[in-house]
Amino acid sequence: MTKADIVAKISEKLGLEKGDVQATVESFMDEVKNSLETGDNVYLRGFGSFIIKTRAEKTGRNISKNTTIKIPAHNIPAFKPAKIFVEGVKTNTETK
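The name an unreviewed UniProt entry gives the chain is Integration host factor subunit beta, with Flavobacterium kingsejongi as the organism. What UniProt records for the chain under Sequence similarities (unreviewed entry) is the sentence "Belongs to the bacterial histone-like protein family."

Asker: Explain the overall build of the chain here, please?
Answerer: When helices and strands are tallied, the chain shows three helices and five strands. N-terminal to C-terminal, the α/β element order of the chain is α-α-β-β-β-β-β-α. What you see for the chain is a C-alpha radius of gyration of 19 Å, clearly larger than the 12 Å of a compact globule of 96 residues, by over 25%. Counting only C-alpha atoms and orienting by the principal axes, one finds that the chain spans roughly 60 × 35 × 30 Å. Per-residue burial for the chain yields a buried fraction of 15% across its 96 residues. In the chain, of all internal contacts separated by at least 6 residues, the share reaching a separation of at least 24 is 28%. Here the chain has roughly 8200 Å² of accessible surface; of this, 55% comes from carbon and sulfur atoms.

Asker: Looking at this structure, I do not really get the side chain of S49. What am I missing?
Answerer: Relative to the assigned elements, S49 resides in strand β2 (residues 48-55). The class for S49 is buried, based on a relative accessible area of 15%. Every residue in contact with S49, bar those within four places of it in the chain, is listed here: V42, Y43, A78, F79 and K80.

Asker: For this particular structure, what's the right way to read the packing of helix α1 (residues 3-14) against helix α2 (residues 18-37)?
Answerer: Describing two packed helices takes the angle between their axes plus the distance from one axis to the other. Closest axis-to-axis distance for the α1/α2 pair is 9 Å, and the angle between their directions is 125 degrees. As the angle between them shows, α1 and α2 are arranged oblique. α1 and α2 meet at a crossing whose hand is right-handed. Taking contact as the criterion, the partners of K3, V7, A8, I10 and S11 in α1 are, on α2, K18, V21, Q22, V25, E26 and M29. Looking at the contact of α1 with α2, its residues break down into six nonpolar, two polar and three charged.

Asker: How should I be thinking about the pairing of strand β3 (residues 58-62) in this particular structure?
Answerer: A regular strand places its side chains on the two faces of the sheet in alternate fashion. Two strands pair when backbone bridges link them, and β3 and strand β4 (residues 67-71) are joined in this way by five bridges, in the antiparallel orientation. Bridging from a neighbouring strand, R61 pairs with T68 of β4. Linking two consecutive strands that pair antiparallel, namely β3 and β4, is a turn of four residues; a positive phi of about 55 degrees is found at N66 within it.

Reading the values: the criteria
- Residues numbered from 1 in each chain as written.
- Predicted model: local features only at pLDDT ≥ 70, side-chain atom pairs only at ≥ 80, totals over all residues.
- Heavy atoms only, no water.
- UniProt positions renumbered as here; feature names shortened; annotations may be inferred.
- Helix = DSSP H or I, 4+ residues; strand = E, 2+ residues; numbered from the N terminus.
- Rg over C-alpha atoms; globule rule 2.2 N^0.38 Å.
- Buried < 20%, exposed > 50% of the residue type's maximum accessible area, 1.4 Å probe, protein only.
- Contact = heavy atoms within 4.5 Å.
- Areas by Shrake-Rupley, 256 points an atom, 1.4 Å probe, with all protein chains shown as cover.
- Axes fitted to C-alpha atoms, helices over the stretch in contact; angles between N-to-C directions.
- Parallel < 35°, antiparallel > 145°, perpendicular 65-115°, else oblique.
- Left-handed = near helix turned anticlockwise from the far one by under 90°.
- Nonpolar A, V, L, I, M, F, W, Y, C, P; charged D, E, K, R; others polar.
- Pairing = 2+ DSSP bridges.

What follows is the structure in structure tokens.
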């Protein structure tokens, strides 16, 4: 499902203009991104949490030059689904 699909479904379900729904969805995504960039986690009860994970420094390999490189510690965004969300996916989808 793409952002356009989400906008279309919400627009159809609520009877709102697609342009208004798209602006709302994009504003939501911007706010989540801005919160994570400033170091704040985003918690959505019943859905999940957008959190910042810290990766430790590690040694990597550049296989084309056959050398080792140090990969510095860094933060990455992550999504942790809520327990209700996980249970719903487990029970309502079939295994491929």
